[in-house]
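Remarks on the overall topology
The primary structure of each chain is shown beneath.
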Amino acid sequence: MSKKISQQTFDDAVKENIEEFSMSTSEAVESAIQEFESQGVSLQNIITNSLLTNEVEIIKEKINKLKKVIEENPSDPELLPLLKDIKEELDSGIAKRVLGGQCGLYDTLVDHIIKHETLEKSIKVAFFEALVSLMTGYPDLLDDKGFSIVANTLKNPSDDDILYLVLRWSVECCIKHERNRERFLNNETVILSIKNVIEKDTISADVLRSLCRLFQTFVVNDDIRAEIPNAHKHACLISIEFLQPLIVRLKNFRSDKRVLVSVLQALVAIIVRNEFCQSFADAGGLELLRDIILDYLEDENVCRSCLGLIKVVAGNDQVKAKVMQVIDPSILVSTIKKFSNSQKMCGQGLTTLSMLSLRNANNCQLLRDNNVTELVVQCLKVHPQNKKIAKNACWLIKNLSQGNEKFGADFLNLGVEDCLRSILKNHEDCVFEANTALRVLGFEVESKDIWTGEGKGIEN
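Residues numbered from 1 in each chain as written. Predicted model: local features only at pLDDT ≥ 70, side-chain atom pairs only at ≥ 80, totals over all residues. Heavy atoms only, no water.

**Considerations on the packing of aromatic side chains**
The final tally for this structure, using the stated rule, is six aromatic pairs. Taking NZ or CZ as reference, Arg368 lies 5.5 Å from the ring centre of Phe407, over its face. Here the basic side chain of Arg421 rests over the ring of Phe443, its NZ or CZ set 5.5 Å away from the ring centre. (Phe/Tyr/Trp six-rings, centres within 6.5 Å; stacked < 30°, edge-to-face > 60°. Lys NZ or Arg CZ within 6 Å of the ring centre and 35° of its normal.)

**Focus on the packing of helix α14 (residues 231–252) against helix α16 (residues 274–282)**
Axis separation between α14 and α16 bottoms out at 11 Å; the angle between their running directions is 10°. Taken together, the axes of α14 and α16 lie roughly parallel to each other. For the pair formed by α14 and α16, the contact residues are Cys236, Ser239, Ile240, Leu243, Gln244 and Ile247 on the first element and Phe276, Ser279 and Phe280 on the second. Class assignment of the residues belonging to the contact of α14 with α16 gives a composition of six nonpolar, three polar and no charged. (Axes fitted to C-alpha atoms, helices over the stretch in contact; angles between N-to-C directions. Helix = DSSP H or I, 4+ residues; strand = E, 2+ residues; numbered from the N terminus. Parallel < 35°, antiparallel > 145°, perpendicular 65-115°, else oblique. Contact = heavy atoms within 4.5 Å. Nonpolar A, V, L, I, M, F, W, Y, C, P; charged D, E, K, R; others polar.)

**Quick look at the side chain of Lys320**
For Lys320, the position within the fold is in helix α19 (residues 317–326). In this structure Lys320 comes out as buried when scored by relative accessible area, which is 2%. Residues within four places of Lys320 in sequence aside, it is in contact with Ala314, Met355, Leu356, Leu358, Arg359, Asn360 and Asn363. (Buried < 20%, exposed > 50% of the residue type's maximum accessible area, 1.4 Å probe, protein only.)

**Comments concerning the state of the cysteines**
Enumeration according to the criterion identifies zero disulfides in this entry. Cys379 provides the cysteine sulfur closest to Cys346, a residue in no disulfide bond, and the two sulfurs are 3.4 Å apart. (Disulfide = S-S within 2.5 Å.)

**Remarks on the environment of Ser422**
Relative to the elements of secondary structure, Ser422 occurs in helix α26 (residues 416–426). Along the primary structure Ser422 and Asn371 are separated by 51 residues, whereas in three dimensions their C-alpha atoms are 23 Å apart.

**Focus on helix α25 (residues 405–413)**
Helical geometry: 3.6 residues make up each α-helical turn, so side chains three or four residues apart lie on a common side. Taken together, the buried positions of α25 are Phe407, Gly408, Asp410 and Phe411. Across the axial projection of α25, the buried residues extend over an arc of 160°, all falling on one side. Turned more than 90 degrees away from the buried face of α25, the exposed residues are Glu405, Lys406 and Asn413. Close packing links the buried residues of α25 with α22 (361–369), α23 (372–382), α24 (387–401) and α26. N-cap assignment for α25: the residue whose side-chain oxygen lies 3.1 Å from the backbone N of Lys406 is Asn404. Of the residues one or two after α25, Gly415 is the one with positive phi, at around 80°. (Arc of directions from axis to C-beta. Polar contact = N/O pair within 3.5 Å; in protein donor to acceptor, adjacent residues only side chain to side chain.)

**Concerning the pattern of salt bridges**
What the rule picks out here adds up to 26 salt bridges. Several salt bridges converge on common partners, so that one network encompasses Lys62, Asp85, Glu89 and Lys96. (Salt bridge = Lys/Arg side-chain N within 4 Å of Asp/Glu carboxyl O.)

**Re the environment of Asp256**
Within the element layout of this structure, Asp256 appears in the loop between α14 and α15 (257–270). Of the residues examined, Asp256 reaches a relative accessible area of 25% and is grouped as partly exposed. In this structure, Asp256 is in contact with Ala205 and Tyr296, ignoring residues within four places of it in sequence.

**Examining the packing of helix α8 (residues 121–135) against helix α10 (residues 160–174)**
A pair of packed helices is characterised by two quantities: the angle between their axes and the separation of those axes. As a packed pair, α8 and α10 sit with axes 9 Å apart at the nearest point and diverge in direction by 15°. Relative to α10, the element α8 lies roughly parallel. Crossing of α8 against α10: the hand is left-handed. When α8 is examined against α10, the residues Lys121, Lys124, Val125, Phe128, Glu129, Leu131, Val132 and Met135 are found in contact with a partner set consisting of Asp161, Ile162, Leu165, Val166, Arg168, Trp169, Glu172 and Cys173. Of the residues contributing to the contact of α8 with α10, the split by class is 10 nonpolar, no polar and six charged. (Left-handed = near helix turned anticlockwise from the far one by under 90°.)

**Remarks on the side chain of Asn316**
With respect to the helices and strands, the residue Asn316 is situated in the loop between α18 (300–313) and α19. Residue classification places Asn316 among the buried residues on the basis of a relative accessible area of 2%. Within polar-contact distance, the side chain of Asn316 engages the backbone oxygen of Asn274 at 3.1 Å. Non-local contacts of Asn316, meaning those with residues more than four positions away in its chain, are made with Asn274, Cys277 and Gln278.

So, in C-alpha cells, the structure goes:
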C-alpha cells in the first residue's frame, strides 16, 4: 500500500525548496514531486500545482462562502450557483474532493440536509449532487449522520429524483469500502426499505437501475483494507431477499433495454449458489431470457448480458440441461455469430457455450448439430490476439471433443490445429489450455513440469 501525505505537507516541502534552495515555484514543485515519488508516496490526493494556481485557497474560499450563506439564509437563492460551482470543482479531481473533505464540506452539506428537511426541491437536489461528487472515490467520509439520511430517504421515498440521488450516493459510499457495505447490509431497516422500493409498482427506471448498481457494488472484493472480504455472503443475502423481485422487474421492463441490461448484470452478480440458479429457472427465468434475446436480436449489449446470465445459471447441472430445452441452440449460436466481429461478444459467447457443454453430452450434440465448430474456429481466426477468446475456445474444444471423435474430426477439417499452434506462440498464459485442446484432438504435446523437487530430504 502506498504512503499518503497531506496537502499541507506537500505545500510545506515546496515552500522549503523555494526558501532554502532559491528555486522558482515551478522548479520547487517539480522537485517536491520527484522527492515524494522516490519515497513511494502517492500524490493522487494532492493538488500539486496549488502554489502555482492558488487552487487550494480558491476552493477553501468557496467552501467558506457556502458556510456563510447557509448560516445567514438556509434558503438563499445564491446557494444554487454556489453549489454548482463547488460541484464542478469537486468533479475535476480526487485531490480537490479530499481537500473539500478536510475543509469540512461533508459536515456542512449533511448538517444542512438534516436540519432543513423542507428545503425547496431544487436546492435539496443541488446539495445531494454535491455530496455525490464529494464522495466519488472518497467513501471514507460516510458517518452515522450521513447514513441516517440514506436510511430515512429509503424508508420514506417521497420523491424519485431525491431517491435516485441518494442511491447514487450510496453506491459511491460502498465502492472500495467494506465497512460501509457492512453498515448497509447489516441494517434490517435499510434492507426492508430497499425491498419496499423495488416492489413498488411505480418504481422509476432510474431508481431501479441505481438499485441494481448498488447490488453489484455490495458483492465485490475491492477494499484492500478488508482482512476478510464478505462478497459471497453479501451476494447470498441479496439473492435471498431480492432475486424474485428482480425477476419480476425483468418482466416489467422488457421494453427498456437500459433497465434490462442493469437487471441482468445485477442477477449475474448475485446468483452465486446452486439453489439460486434453480430458483431462477423455476420462476420462468429461462423462458424470459429466451424471449428477451428474440426481442433484441439486433442489440449486442442486451444479447451479451443474457448470455452472461445463462452462463451463471448453467453452473447448476439440472438448469444446464433445461437451458437447451427452453432456448433453441440455434438462437445462441446464430446470435454469437452475428456479432462475431465483437471481442466482447465472442469472449462471453464462448464462455457461455463452454459452460453449457461441460459434462453434458446431449448439449454437446445439440451444439454440434448447429455448427458450433465453425463458430469456434471463426472466433479464433477473427480475434487471434484476444487471450480470453483463446482460452475459452480451448475449453470449448476440449469439452466438445473429449470422448467424441466426430467432433475432433469436425475441428480438424476446419483447420483448428493452426489456430491452437498460434495460441501456443502468442499467448503464454494459455499454453495449458491450448495443449489440453491439442491432446484431446489426438496430437502429441510437450508437457513441462511447473515444479520439480531437487531430490533432497526435508529438514526440520
